[in-house]
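Working through the structure, step by step
Okay, here's what each chain looks like letter by letter:
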Amino acid sequence: MTGMTDKQVTAGQNGRAALSALAAVAALVLLAGVALTVRGSDPAREPTFVSQPRAVTLTLVDGQTSTPTGRTRVPAGATVRTAPGGSAVLTTADREVLLGSDTAVTVVDGERQRLGQGLVMVDARRADALALEAGAGTVTSPRGAVIRVERGLLLRVASFRGDAEVQAAGRKASSTVTALHQVQVPYGGLPGRVTALALTRDGWERRFAQGLVSRDVDLNGLAAGLAADDRARSAVAVPAAFLTGDPVGAGELALSFLVARATGQDEQKVFAQVRSLRDEGGSWGVVAELVGASAVRVSGALDALPEVPLGTVLAGPDPVVAPAVTAAPVGGGSTPRPRPTGGVASPRPSATPAPSATPGPLAPVTEPLQSVIDAVVSALPTPVQSLVPAPLRTPTSLLPPLPPLPPLLP
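Residues numbered from 1 in each chain as written. Predicted model: local features only at pLDDT ≥ 70, side-chain atom pairs only at ≥ 80, totals over all residues. Heavy atoms only, no water.

Another aspect to go through is the overall build of the chain. From N to C terminus, the chain includes nine helices and 17 strands. Residues classed as buried in the chain amount to 40% of the 410 residues present. For the chain, contacts bridging at least 24 residues in sequence account for 54% of all contacts bridging at least 6. Of the roughly 20,700 Å² of accessible surface on the chain, 58% is carried by carbon and sulfur atoms. (Helix = DSSP H or I, 4+ residues; strand = E, 2+ residues; numbered from the N terminus. Buried < 20%, exposed > 50% of the residue type's maximum accessible area, 1.4 Å probe, protein only. Contact = heavy atoms within 4.5 Å. Areas by Shrake-Rupley, 256 points an atom, 1.4 Å probe, with all protein chains shown as cover.)

With that settled, consider the side chain of Glu252. With respect to the helices and strands, Glu252 occurs in helix 5 (residues 250-262). Look at Glu252 and you get buried, because its relative accessible area is 18%. Here Arg275 takes part through its side chain, which lies 2.9 Å from a polar atom of the side chain of Glu252. Every residue in contact with Glu252, bar those within four places of it in the chain, is listed here: Arg275, Arg278 and Trp284. (Polar contact = N/O pair within 3.5 Å; in protein donor to acceptor, adjacent residues only side chain to side chain.)

The next thing to look at is helix 3 (residues 210-228). Helix length check: helix 3, at 19 residues, gives a terminal C-alpha distance of 27 Å against a target of 27 Å (1.5 Å per residue), a fit within 8%. Of all 19 residues in helix 3, 14 are buried; the element is thus mostly enclosed. (Expected span 1.5 Å × (residues − 1).)

Before going further, it helps to spend a moment on unusual backbone geometry. Phi is positive for Gln52, close to 50°, though the residue is something other than glycine. Checked against the element boundaries, Gln52 lands in strand 1 (residues 48-59). Taking relative accessible area as the criterion, Gln52 reaches 34% and is therefore assigned partly exposed.

Counting 30 residues, the largest nonpolar core has Leu90, Val120 and Val149 as its most contacted members. If near-sequence neighbours (up to four positions away) are discounted, Val149 is found in contact with Leu115, Gly118, Leu119, Val120, Leu132, Ala134, Val139, Leu155 and Arg156. Counting residues in each nonpolar core, the second largest holds 29 residues, with Leu222, Ala254, Leu255 and Val274 among its members. (Core = buried A, V, L, I, M, F, W, Y, C linked by side-chain atoms within 4.5 Å.)

Another aspect to go through is the packing of aromatic side chains. According to the stated counting rule, one finds two aromatic pairs in the structure shown. Ring centres of Phe242 and Phe257 lie 6.1 Å apart, and the angle between their planes is 50°; this geometry places the pair in the tilted category. Residue Phe242 is found in the loop between helix 4 (230-234) and helix 5, and its partner Phe257 is found in helix 5; the two are separated by 15 residues along the sequence. Pairing Phe242 with Phe271 gives two aromatic rings, centres 5.4 Å apart and planes at 40°, and the pair type is tilted. Of this pair, Phe242 sits in the loop between helix 4 and helix 5 while Phe271 sits in helix 6 (residues 267-279); the two residues are 29 residues apart in sequence, bridging distant segments of the chain. Each member of the pair, Phe242 as well as Phe271, carries the same accessibility label: buried. (Phe/Tyr/Trp six-rings, centres within 6.5 Å; stacked < 30°, edge-to-face > 60°.)

The next subject is the packing of helix 5 against helix 8 (residues 295-303). In helix packing, the relevant descriptors are the interaxial angle and the interaxial distance, both defined with respect to the helix axes. Two elements in contact, helix 5 and helix 8, have axes separated by 8 Å at closest approach and are oriented at 110°. Between helix 5 and helix 8, the angle is such that the two are roughly perpendicular. The segment helix 5 lies against helix 8, with Leu255, Leu258, Val259, Arg261 and Ala262 engaging Arg297, Val298, Ala301 and Leu302. Class assignment for the residues of the contact of helix 5 with helix 8 results in seven nonpolar, no polar and two charged. (Axes fitted to C-alpha atoms, helices over the stretch in contact; angles between N-to-C directions. Parallel < 35°, antiparallel > 145°, perpendicular 65-115°, else oblique. Nonpolar A, V, L, I, M, F, W, Y, C, P; charged D, E, K, R; others polar.)

Our focus in this paragraph is the confidence of the model for the chain. Overall, the predicted model of the chain reaches an average pLDDT of 75, with 64% of residues at or above 70. For the chain, strand 17 (residues 319-322) is the element with the lowest average pLDDT, namely 32, and strand 6 (residues 104-107) is the one with the highest, namely 98. When the criterion is pLDDT under 50, residues 32-40 qualifies, and its contacts beyond four places in sequence or with other chains add up to zero contacts. Under a pLDDT of 50 for its full length, residues 308-405 has, in the predicted model, 151 contacts with residues more than four places off or in other chains. (pLDDT = per-residue confidence, 0-100.)

It is the contact of helix 3 with helix 5, at a shortest axis distance of 8 Å, that shows an interaxial angle of 125°. As judged from the angle between their axes, helix 3 and helix 5 are oblique. Read as a crossing pair, helix 3 and helix 5 show a hand that is right-handed. Between helix 3, through Leu219, Leu222, Ala223, Leu226 and Ala227, and helix 5, the contact on the second element is made entirely by Gly251, Ala254, Leu255 and Leu258. Its residues placed into classes, the contact of helix 3 with helix 5 shows eight nonpolar, one polar and no charged. (Left-handed = near helix turned anticlockwise from the far one by under 90°.)

Turning to the pairing of strand 1, a few remarks are in order. Of the pairings in the sheet, the one linking strand 1 to strand 4 (residues 79-92) comprises nine bridges and is antiparallel in character. Looking at the pairing, Thr48 lines up with Thr92 of strand 4. In the sheet, strand 1 pairs with strand 3 (residues 72-74) via three bridges, with the strands oriented antiparallel. The partner of Thr48 across the bridge, within strand 3, is Val74. The pairing of strand 1 with strand 2 (residues 65-66) spans two bridges and is classified as antiparallel. Opposite Thr59, over in strand 2, you have Thr65 as the bridge partner. (Pairing = 2+ DSSP bridges.)

Another point: helix 7 (residues 284-291). With six of its eight residues buried, helix 7 lies for the most part within the structure. Residues Trp284, Gly285, Val286, Val287, Ala288 and Val291 constitute the buried set of helix 7. Buried residues in helix 7 make contact with helix 3, helix 5 and helix 6.

Right, here's the structure in full:
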């Protein structure tokens, strides 16, 4: 027996209940304070740092200049300028803005920057939006986007991922640039028509969209091969009903048909879409991505044709067009009809590959195919150079070697 009365027991229980309720209220207040602190964080206050500087000058608001040699904080209002051939990376939280050669960017705050000249690549895949003032307009790249902005005679805005908003300077007019599209804005004018993206295949695009660039190289090699080989091209029978636009080159026409067939959809409808995107200036890799035709499927469409009498398109470091070799019949008889020795050397995971939208690095020419090429070249009077198109000259990378990032496109 404790000697406590019923009233004392009841009072104790009520006291403990009151304390528990008070503790619960205090916990809620604490959590609310934490939430308000998180919500109250201002992205504009996030500091910006310049890193990986190469031929870079940092100019403060008062005109003082310095030459960063490592990771350096950029005060608000300061300008980071790269010399011709230079480069740098501006980092704000998880967002990166890559500066190319002969480029000037002023850091207004954590949310706004100003492109005075040159070109930048905005990687906001894991960061808050950035408003970039660029003379003819302001470009807003939302969270998750990868945007390329070039300020030259015209303002060019290209989106590799996400939708960028372009607001014309001094105008209410704006334009939305969806993924794999671009727009140009004249100074003092309105944004032009949004068109399919034209690739440059430089170091930035290879870093952020290697699969897309590789696919573009493969398909351009195939188009060149079809244009150079009459009999191979003749195997691609484009229906007359498809030919409703302006005349184009034979190789261009044949590849348009193969891309349309590779989608497995209405061929005539997709063919018209392909021709429209190409007329806009879209690169082959971009066009194939937009209509849903991987390089592997395009290669399969070519291989499925009844006959491809002559010509093999190989994809190596540079596209090569090589004639096929037909062995002489043993013991006389008629010469067999030539058959292709291969198709587009797109990445093939197995003997019967599944369609893939992300081809890997270009495969080198295999030894058997190389021996065939050598045999044919040695038997012809034509110099070797005439059989190989001019090599693809990729512009020198505007950035120093950078660590690999997750692929941009699926």
